[in-house]
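Below are the chains, spelled out letter by letter.
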Amino acid sequence: MPERMAQANLFLFFYARLKEMESTDPLQTFWDNLLSRNPQQIRAAFSTLDAPSKRAVLNHLRKMTTETGWHPEQVKSAQMALNILERNQQDEK
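Let me begin by describing the structure that accompanies this report. Keep in mind that this is a model prediction, so the values were computed, not measured.

## Let's talk about helix α3 (residues 39-47)
For an α-helix, 3.6 residues make a turn, and residues three or four places apart therefore share a direction.
Phase 1: Here α3 has its buried residues at I42, A45 and F46. Looking straight down α3, one finds that the buried residues subtend no more than 95° of arc, so they occupy a single side. Exposed and facing more than 90 degrees away from the buried side of α3 are Q40 and S47.
Phase 2: Where α3 begins, the side chain of N38 points an oxygen toward the backbone nitrogen of Q40, at a separation of 2.9 Å.

Have a look at this one:
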């Protein structure tokens, strides 16, 4: 069983690296990070934006969580990003 787990972890490691190599479009990379459900990646992506862009992204995330037509996993990812980013803004005040 430990051998099987090691194989699974190795697969996940290589899959993550492959995914990183696939995404060479900066905009795609930004949204991949923002919707990753990884707090560090979310904060890092958001920190690259200027104030007007941050407002636009927050508004878009709010739309993703309230409007119909989004895939349920996109809604979950957007909600998590929104929670993290809004909490960070409150901490900065």
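## Quick look at the packing of helix α2 (residues 26-34) against helix α4 (residues 51-66)
Phase 1: Where α2 contacts α4, the two axes come as close as 13 Å, and the packing angle between them is 60°. By the criterion of interaxial angle, the relationship of α2 to α4 is oblique. Both α2 and α4 take part in a crossing whose hand is right-handed. Every residue of α4 that contacts α2 at F30, W31 and L34 is listed here: V57, H60 and L61.

Parameters and conventions
Residues numbered from 1 in each chain as written. Predicted model: local features only at pLDDT ≥ 70, side-chain atom pairs only at ≥ 80, totals over all residues. Heavy atoms only, no water. Buried < 20%, exposed > 50% of the residue type's maximum accessible area, 1.4 Å probe, protein only. Helix = DSSP H or I, 4+ residues; strand = E, 2+ residues; numbered from the N terminus. Arc of directions from axis to C-beta. Polar contact = N/O pair within 3.5 Å; in protein donor to acceptor, adjacent residues only side chain to side chain. Axes fitted to C-alpha atoms, helices over the stretch in contact; angles between N-to-C directions. Parallel < 35°, antiparallel > 145°, perpendicular 65-115°, else oblique. Left-handed = near helix turned anticlockwise from the far one by under 90°. Contact = heavy atoms within 4.5 Å.

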